[in-house]
Amino acid sequence: MFGAVIYAPGDVRYEEREDPTILEPTDALVRTVAACVCGSDLWRYRGIAPVPEPTPIGHEFCGVVTAVGDLVKTVRPGDFVVGGFNPSDGTCPVCRKGAHANCQHGSHYDGAQAEQIRIPLADGTLVATPTMPDDDLIPSILTLSDVMCTGWHAAVSAGVGPGKSVAVVGDGAVGLCGVLAAVQLGAETVIAMSRHEARQKVARAFGATHVVAERDEAGIAAIRALTDGIGADCVLECVGTEEARLQALGCVRDGGNVGLVGVPHGDLPVNDLFWRNVGIKGGPAHCRAYLPELLDLVLARTINPGLVFDLQLPLAEVAEAYAAMDERRAIKSLLRP
Ligand SMILES: [Zn+2]
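Residues numbered from 1 in each chain as written. Predicted model: local features only at pLDDT ≥ 70, side-chain atom pairs only at ≥ 80, totals over all residues.

A.B. asks: Lay out the packing of helix α5 (residues 147-157) against helix α11 (residues 287-299) in plain terms, naming residues and giving numbers.
C.D. replies: Relative orientation of the contacting elements α5 and α11 amounts to 105°, with a least axis distance of 10 Å. Judged by the angle between their axes, α5 and α11 are roughly perpendicular. Where α5 approaches α11, its residues Met 148, Cys 149 and Trp 152 are matched on the opposing element by Cys 287, Tyr 290, Leu 291 and Leu 294. Grouping the constituent residues of the contact of α5 with α11 by class yields seven nonpolar, no polar and no charged. (Axes fitted to C-alpha atoms, helices over the stretch in contact; angles between N-to-C directions. Helix = DSSP H or I, 4+ residues; strand = E, 2+ residues; numbered from the N terminus. Parallel < 35°, antiparallel > 145°, perpendicular 65-115°, else oblique. Contact = placed C-beta atoms within 7 Å. Nonpolar A, V, L, I, M, F, W, Y, C, P; charged D, E, K, R; others polar.)

Here it is in structure tokens:
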């Protein structure tokens, strides 16, 4: 089979790789129907994270099960499935509390930008659709393997609920999904912070009530102007840079909450959080905990997170999918074998 391999920053190749096989009785093999490039894949592509050796890459996918190990009970060959980027067993004490991202037996896979994928812990990771989904739903289902679950996690972590005011820092696919999550969870005011017209448009399509293009102090002032002068009840930080976190802290009201899903780089001013009674929660998304509900919303066409994909390419053109996102010509690239 063929799949993507990252060799060095800026160097992703589509090449022949060994077919995956069942290694553990809890594994499933999936024939990829769609995969995509994640903002976090770009860390290696941009040389921010190291690439010590040629490495299969990608962790977002949906597809059809082709084989299962002897212990797999919940999915069968022929099922259409989606799974989160962070495999979980679903049975350990941590998973039973709903914190699947921190599964005691959790693992990680890379290499999903490929024709076939081996999924560990299939029962606790994959969710099958009741029937083969319509083709136009594939992009939205694909977002459930990471970005939509991550945006949802930001909103849940920030305590978004009916009547709340929410500001979203970051207009990448995760931030946009955070807007959609906040709207779906009943927030009254949802402010997307974005300077890019195409992304503003998606944010509005997802239900953002306001768009703020300013950043830094001007951005904080604009958020306060929309929130009785005090800042938002909930802020979703969907970038991960120190700058973005300081922006989030500036935009949240005293006593409010910040949901963090951008992988942290740099520092966090804990003293400031303390005196302002600001809560911080977040981390990698508990995908498997959110998947059933979000899959139902997608299949019912209540939400359409697939709008974050503004570029679709054959899997063989994976190098261009990376380049387009790196050069900000695309919000997010979808790949089909
Ligand atoms: Zn577990």
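Past the structure itself, the notes keep going.
A.B. asks: Describe helix α8 (residues 216-225), and please don't skip the residues or the numbers.
C.D. replies: Within α8, the full set of buried residues consists of Gly 219, Ile 220, Ala 222 and Ile 223. The buried side chains of α8 occupy one side of the element, clustering within an arc of 160° when seen end-on. Away from the buried face of α8 by more than 90 degrees, exposed residues Glu 217, Ala 218 and Ala 225 are located. Packing partners of the buried residues in α8 comprise β9 (165-169), β10 (189-193), β11 (210-212), β12 (232-237) and α9 (242-251). (Buried ≥ 20, exposed ≤ 12 C-beta atoms within 10 Å, placed from the backbone. Arc of directions from axis to C-beta.)

A.B. asks: So what's going on with the domain arrangement of the chain? Residues and values would help.
C.D. replies: Looking at the assigned domains, one finds that the chain contains domain 1 (2-146 + 286-336) and domain 2 (148-282). If you average the C-alpha positions of domain 1 and of domain 2, the two centres end up 26 Å apart. Contact residues are listed per partner, giving 18 residues for domain 1 and 17 residues for domain 2. The element that contributes the greatest number of residues to the side of domain 1 that touches domain 2 is α11, accounting for four residues. Its residues assigned to classes, the side of domain 1 that touches domain 2 shows 10 nonpolar, five polar and three charged. (Domains from an automatic or database assignment.)

A.B. asks: How would you summarise the sheet that holds strand β4 (residues 55-56) if you had to cite specific residues and measurements?
C.D. replies: Taken in spatial order, the three strands make up an open sheet running β2-β1-β4, and their pairing is antiparallel. Strands at the two margins of the open sheet, each flanked by one partner only, are β2 (11-16) and β4. Pairing analysis gives six bridges linking strand β1 (residues 2-8) to β2, with the strands arranged antiparallel. Looking across to β2, one finds that Phe 2 is bridged to Glu 16. (Pairing = 2+ DSSP bridges.)

A.B. asks: Outline the sheet that holds β12, supporting the account with residue identities and numerical values.
C.D. replies: Strands sit in the order β11-β10-β9-β12-β13-β14 across an open sheet of six strands; the sheet is parallel. The open sheet has two edge strands with one neighbour each: β11 and β14 (279-282). Direction aside, the axes of adjacent strands within the sheet are offset by 20° on average. Pairing of β10 with β11 involves three bridges; the strand directions are parallel. Its bridge partner being in β11, Ala 192 is matched across the sheet by Val 211. Those strands touched by α9 are β9, β12 and β13 (252-260), and its axis lies near 170° from that of β12.

A.B. asks: Outline the packing of α5 against helix α6 (residues 173-184), supporting the account with residue identities and numerical values.
C.D. replies: α6 packs onto α5 with a crossing angle of 55° between their chain directions and a minimal axis gap of 7 Å. In terms of orientation, α5 and α6 fall into the oblique class. Crossing geometry of α5 relative to α6 is assigned as right-handed. Residue-level contacts link Val 147, Met 148, Thr 150, Gly 151, Trp 152, Ala 154 and Ala 155 of α5 to Ala 173, Val 174, Cys 177, Gly 178, Leu 180, Ala 181 and Ala 182 of α6. The residue inventory of the contact of α5 with α6, partitioned by class, reads 11 nonpolar, three polar and no charged. (Left-handed = near helix turned anticlockwise from the far one by under 90°.)

A.B. asks: Any details on α6? Residues and values, ideally.
C.D. replies: The end-to-end C-alpha separation of α6 is 16 Å, in line with the 16 Å expected for 12 residues at 1.5 Å each. When we look at burial in α6, the residues that qualify are Ala 173, Val 174, Gly 175, Leu 176, Cys 177, Gly 178, Val 179, Leu 180, Ala 181, Ala 182, Val 183 and Gln 184. Looking one or two places after α6, you find Gly 186, whose phi comes out positive at around 100°. (Expected span 1.5 Å × (residues − 1).)

A.B. asks: Break down the pairing of β10 for me, with residues and values.
C.D. replies: The element β10 is extensively covered by neighbouring structure, given that four of its five residues are classed as buried. Relative to β10, β9 runs parallel, the two sharing five bridges. Paired with Val 169 across the bridge in β10 is Met 193.

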